[in-house]
Structure formats: structure tokens, C-alpha cells
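Listed below, chain by chain, are the residues.
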Amino acid sequence: MIAESLQVALSLFLLAVFCLSIYAWTRILTTFRQSGETPLAARERPAAHWTLAEFFVCFGLYIVCSAAGLSVARRAAWFSYDPLEAVNATADAAMPRTADDMVVSILISSVASALAVASVMVWMNLTWRLSIDRYGFWPSREDWRLGTVAAILILPPVLLLSTALNFVIPYEHQVLDAVKQQPTATVFVTMVFSTVVVAPLFEEFMFRGLLQGGAQAVSRRIRHVAHGEPADGPPLLCTAEEISQWPWWPVWMSSLTFAVLHLGQGAAPLPLFALALGLGYVYRQTGRLWPCIIVHAILNGLTMLSLGLGSAAGTPIP
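Residues numbered from 1 in each chain as written. Predicted model: local features only at pLDDT ≥ 70, side-chain atom pairs only at ≥ 80, totals over all residues. Heavy atoms only, no water.

Draft legend 1. Spotlight on the packing of aromatic side chains. With the rule as written, the count across this model stands at 8 aromatic pairs. Seen from their ring centres, phenylalanine 55 and phenylalanine 59 are 6.4 Å apart, and the 5° between their planes marks the pair as stacked. Taken as a pair, phenylalanine 55 and phenylalanine 59 lie in helix H2 (residues 53–75) at a separation of 4 residues, close to a single helical turn. Ring centres 5.0 Å apart and planes at 40° place the aromatic pair tyrosine 62 and phenylalanine 202 in the tilted group. Of this pair, tyrosine 62 sits in helix H2 while phenylalanine 202 is found in helix H7 (residues 185–226), placing the two residues 140 residues apart along the sequence. (Phe/Tyr/Trp six-rings, centres within 6.5 Å; stacked < 30°, edge-to-face > 60°. Helix = DSSP H or I, 4+ residues; strand = E, 2+ residues; numbered from the N terminus.)

This is the structure:
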């Protein structure tokens, strides 16, 4: 009964947010039509010094750390599932089959993500002094405000698109399917930690920061060479005027990569592509990662909350 009441409360809350989003978008579009003012002005900031290489390094470290973690876990008998044995298995058979396997698998992925991010950040900080500040990875009070506003603007259209597409191509996710098969409190709490805390940090660091930020830096250097500017390189400070003239291909490229890496989850790549475009715009204009992380965490948190309440109420979960 409590779970059902909470489901109703969540639905009413989302309806209120949808209404607020419609009002906010109406104001933004009206202002843009009247004055041409964009919803988020470009902000002056230090130039990025990394390139696309850091993205591939971070992704490679994640794969290596994940494989090493699984190997250690199997040798220590913490993990009985061997994914190599399930290469030709069905989707259900390719899942960890016990709650303990599921928890260990999630924790290994989370630790691998954290190690990959920490390693690249240390490398960048040793290579370029204060690169963490330049990267926008140090949170500020303004980041929380901007993240909340961005969530109100970005998430309702994304959720609406996801709901509509789900009627045509049902959403699929092996991890969520495994949680449904192993609905224990330990599995659920571990999954919440992974999806709401670790995944937003890791994925925004990778796709918005390393990939999009690196592509923006490459584009800036190409433009510098094309204009025959001084040989000592582009200025170390990106002005708001310069940022407003940046090409949009880094946003599209990082968003498309983010969506493609979610193939196999039904129609999810389409709403995730829309989500990535919104987050890419926020990062392009501000150079701040935390607003993107906050939006991503809220989306994943809503998904897990819906999953948990649906499981507790005994209702089918889409």
C-alpha cells in the first residue's frame, strides 16, 4: 500500500515537473524569438589542453580494470559466473545467475570506472597544472543550481520520447533485467550506487569532458592553424565570443558515440542521444561537468526509484 501511494506521488511529481518544463520552454522560445537570446550564454573559461587521446586511454583503462577485476574475483571464488562461457548463450543465460554474482559484477564495474577516472585525472593534473579546475570537475554552488534547471528543461522531453518509443520498441537492459531476476535489497542498493553515483561521474567525464572537450580543443587548434595565428598556439583563455563561434560537430560526435554505445537496449539510444545533445550544449556553453552529472544522476535516480517502487508494489515494470 505504501509503495503504491509512493508511485502515485512520484507520478504527480513528474506531472508537475512536466508542466514546469513546458512553461520554462515557452519562456525560452518567446525570449529567443523576440531578442535572439540563447537560454544559456557562453562563459569565459581556461582552454582545454587535452585531446581525444585521453578518451581512448580512459576507455581502455576501464576495460582492462574490469577484466582484471573479474579474473581476480573468479580466482578468489567470489564470482562463479564466467562470461566467456555465455558468448553463445541466450540473453537470460548470459546474466550472472545469483545475487552474489550480481553484486560482485556491479562492484567490479564501479571500481573499474573509478580507477579509470582517477588515473586519467591524476595524469592530466601532473601533465597540466590545475587541469581539474580547467576541466570543470570541481563542483560549485552554481553548478547545483544550473544542474537543477537543466534537469527541468532536458529530462521531461527525454522521458516523453522514451515513453513513446517504448510502445514501439520495448526498452531492454541486461542489468535491470538481472535486478528483476534477483530483487534482493543488496542487489538493489548496489545497483542504485552504481547507476546514480558511479555511472554519471564516469560517463560524463568520458563523453562530455574527454571526448567532447578533447574534440573542442582539436577544433580550436585546427582553426588556429587555418587562420595563421602566432606559432605559440591559441590563447589560454576561451572568451565568450570565441565559444559562440565554435563548431557544433564535437557535440554531435560525442552524443552519437554515447548513443551508439547503448545499442542493444531497445529504443534507448534515441532518447539517450537527445539527452546527450542537451548535456553537450550545457558543457559547450559553460565548460562545467557537474551540471551534466547532476542531470544524468537525476535521470538514473528516477529510473531506479520507479524500478524499486514497482517491484515493491508488485506491478509490472517496463
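Draft legend 2. Spotlight on the environment of serine 255. If you trace the backbone, serine 255 turns up in helix H9 (residues 249–260). Once residues lying within four places of it in the same chain are set aside, the contact partners of serine 255 are Phe273, Ala276 and Leu277. There is a polar contact of 2.7 Å between the side chain of serine 255 and the backbone oxygen of valine 251. (Contact = heavy atoms within 4.5 Å. Polar contact = N/O pair within 3.5 Å; in protein donor to acceptor, adjacent residues only side chain to side chain.)

Draft legend 3. Summary view of the packing of helix H5 (residues 141–166) against helix H10 (residues 269–286). Following both chains from N to C, one finds H5 and H10 inclined at 160°, their axes separated by 8 Å at the closest point. Here H5 is positioned roughly antiparallel relative to H10, judged by the angle of their axes. Crossing angle aside, the handedness with which H5 passes H10 is right-handed. Here Leu146, Ala150, Ile154, Leu155, Val158, Leu161, Ser162 and Leu165 of H5 lie close against H10, whose contacting residues are Leu270, Pro271, Ala274, Leu275, Gly278, Leu279, Val282 and Thr286. Residue composition of the contact of H5 with H10, by class: 13 nonpolar, 3 polar and no charged. (Axes fitted to C-alpha atoms, helices over the stretch in contact; angles between N-to-C directions. Parallel < 35°, antiparallel > 145°, perpendicular 65-115°, else oblique. Left-handed = near helix turned anticlockwise from the far one by under 90°. Nonpolar A, V, L, I, M, F, W, Y, C, P; charged D, E, K, R; others polar.)

Treat this as a map of the structure, not an account of what it does.
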